[in-house]
Amino acid sequence: MGATRPDDLKHMVLHFTKGKAWRDASVPIYVRGDGCHLWDENGRRYLDGLAGLFVVQIGHGRSDLAHAAAKQMEQLAYTPSWAATHPPAIEASKLVTSLAPGDLDAVFWVTSGSEAVESAIKFTRQYHRSQGNPEKTKVISRRLSYHGTTMGALSATGLDSIREPFLPLLGGFLKVDSTLGATDGVAAAEQFEEAILAAGPETVGMIIAEPVQNGGGALVPPPGYWQELRRICDKYNVLLTADEVINSFGRLGHWFGSEMVGVVPDMLTFAKGATSGYAPVGGVLIRRQRVDELLDSANGTFTHGATWGGHPVSMAVTIANVTAMRDEGVLDNVQEHAGYFRDQLDAIAASHDNVSEVRGTGYFYAVELTVSRDRGIDLTDDQTVRLVNEHLPRMIQDAGLLIRADNRGKAKLMLSPPLIAKTEELDELIAGVDQVVSRAAEVHAV
Ligand SMILES: Cc1ncc(COP(=O)(O)O)c(C=O)c1O
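Just so it is clear, the model here is predicted, and its values are computed rather than measured. (Residues numbered from 1 in each chain as written. Predicted model: local features only at pLDDT ≥ 70, side-chain atom pairs only at ≥ 80, totals over all residues.)

Visitor: Where do I start with helix H12 (residues 312–327) in this structure?
Guide: Each full turn of the α-helix corresponds to 3.6 residues, which orients residues three or four apart in the same direction. In a regular helix each residue adds 1.5 Å, so 16 residues correspond to 22 Å; H12 covers 22 Å between its end C-alpha atoms and thus fits that length. Burial within H12 is extensive, with twelve of its 16 residues counted as buried. Turning to H12, its buried residues are Pro-312, Val-313, Ser-314, Met-315, Ala-316, Val-317, Thr-318, Ile-319, Ala-320, Asn-321, Val-322 and Met-325. Buried residues along H12 sit in contact with helix H3 (63–75), helix H4 (87–99) and helix H13 (330–351). At the exit of H12 stands Gly-329, carrying a positive phi of roughly 65 degrees. (Helix = DSSP H or I, 4+ residues; strand = E, 2+ residues; numbered from the N terminus. Expected span 1.5 Å × (residues − 1). Buried ≥ 20, exposed ≤ 12 C-beta atoms within 10 Å, placed from the backbone. Contact = placed C-beta atoms within 7 Å.)

Visitor: I tried to follow the site of the ligand on my own but got confused; where do I start?
Guide: By nearness alone, 13 residues border the ligand, and Ser-112, Gly-113, Ser-114, Gly-148 and Val-245 come closest of all. With three residues, helix H5 (residues 113–130) is the single largest residue contributor to the shell around the ligand. (Near = placed C-beta within 6 Å.)

Visitor: Before we go on, may I ask you to explain the domain arrangement of the protein in this structure?
Guide: By a widely used convention, the size of an interface equals the accessible area lost when the partners come together. In terms of domain boundaries, the protein breaks down into domain 1 (7–58 + 329–443) and domain 2 (64–327). With 25 residues of domain 1 at the interface, the matching set in domain 2 holds 25 residues. Elements represented by at least two residues in the side of domain 1 that touches domain 2 include exactly helix H2 (51–54), H13, strand E11 (355–361) and strand E12 (364–369). A per-element tally of the side of domain 1 that touches domain 2 places H13 first, with five residues. The residue makeup of the side of domain 1 that touches domain 2, split by class, is 13 nonpolar, eight polar and four charged. (Domains from an automatic or database assignment. Nonpolar A, V, L, I, M, F, W, Y, C, P; charged D, E, K, R; others polar.)

Visitor: Teacher, can you tell me more about the pairing of strand E5 (residues 138–142) here?
Guide: In regular strands, side chains alternate between the two faces of the sheet. Of all the five residues making up E5, five are buried; the element is thus mostly covered by neighbouring parts of the structure. Burial of E5 is two-sided: the residues Lys-138, Ile-140 and Arg-142 facing one way and the residues Val-139 and Ser-141 facing the other way are all buried. In this structure, E5 lies alongside strand E7 (residues 204–209), joined through three bridges in parallel fashion. Of the residues in E7, the one forming a bridge with Lys-138 is Val-204. (Pairing = 2+ DSSP bridges.)

Dropping the structure here:
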């Protein structure tokens, strides 16, 4: 292909991308994918250590998924999910609910994670109102969390830098601390109870949290945390929403992160991995009883929807992806190799004084960077921003990787390879990460 940049890029506005990176033509242009690898327009090969964006569970270049989409387009490209439906939506709903924990027995389909979160917020409001609790409108979420960019989801998001430009437009959702640094799960969860009591239990409708939080860097909660959230929500009639836009469909070695933490939430939001990126999909799984209570109420409708919700092609791809993941033992692959992956990352930490911590589980990790772990010298805020925005993107590209440099919280590398990665691909990823960490050490050598 070969682009004539930077002129070619001026006709599009990139998401969350600094104008400088975009204008000086340093943005990679990927043209092809196969398995765990990507190729750019110059024919250079990259190891996709982020599964695109926590998405491509089954790997790139699957013609069976492409065929499932094409077949559905020929058969029936579109009918809505408003007062009608179609076979792929019925089948996808059966399949996904059959894998979901507990009585999460109904799906509301949308097309993105933000929309899934937005839908959970709106369901909460309508549910409580339908049950005679119109005051229960407040949402509690956690600091450093990312729940999406639409106004409701952004109100739940706990990252100041992306909220700040829009503050006058956002809802006043309540925030408590993430589990970063927490060791006592029950004590960490108590913050939610304190926030509910301070706000007045009759005004709080929902708690939303990721089982393993991405913002802050793959924060695995201490034992007992989610059990305590469940107890608190039951006590105060608050809906517990697990935001599993990243955590679900095998990322943590289970179909759903809630399964891993051992709790059935009232709602579970998902997106990304449900189609492995072969079509856009999002959804909210809702407990049967909650759905019935709303639908049997006087209004009897969830007053919310969108043209593309439950799109036939996305539904066909969801079925093809989830079925293939199940039949090919993709989750077993994660379970089998996650320990090895973790050990290799721990070895990188052990041999590099500029790694402060490795966190995560399954195929989802953060490698947190510092100046010197042993001497307790941390990066300043300025150094963190420069490292993440200026140095790391180039180093990552030089190492032939697609991974993410993140400074939400401390500077870190986020790793989330396709779930089909085996020892060979993990070794390639580890070698690249080792190279990036070594070069990062030179930037702030002490
Ligand atoms: C936990 C979580 N929730 C919601 C979202 C928003 O999803 P989307 O980008 O599909 O709107 C994301 C996106 O990364 C996410 O990680």
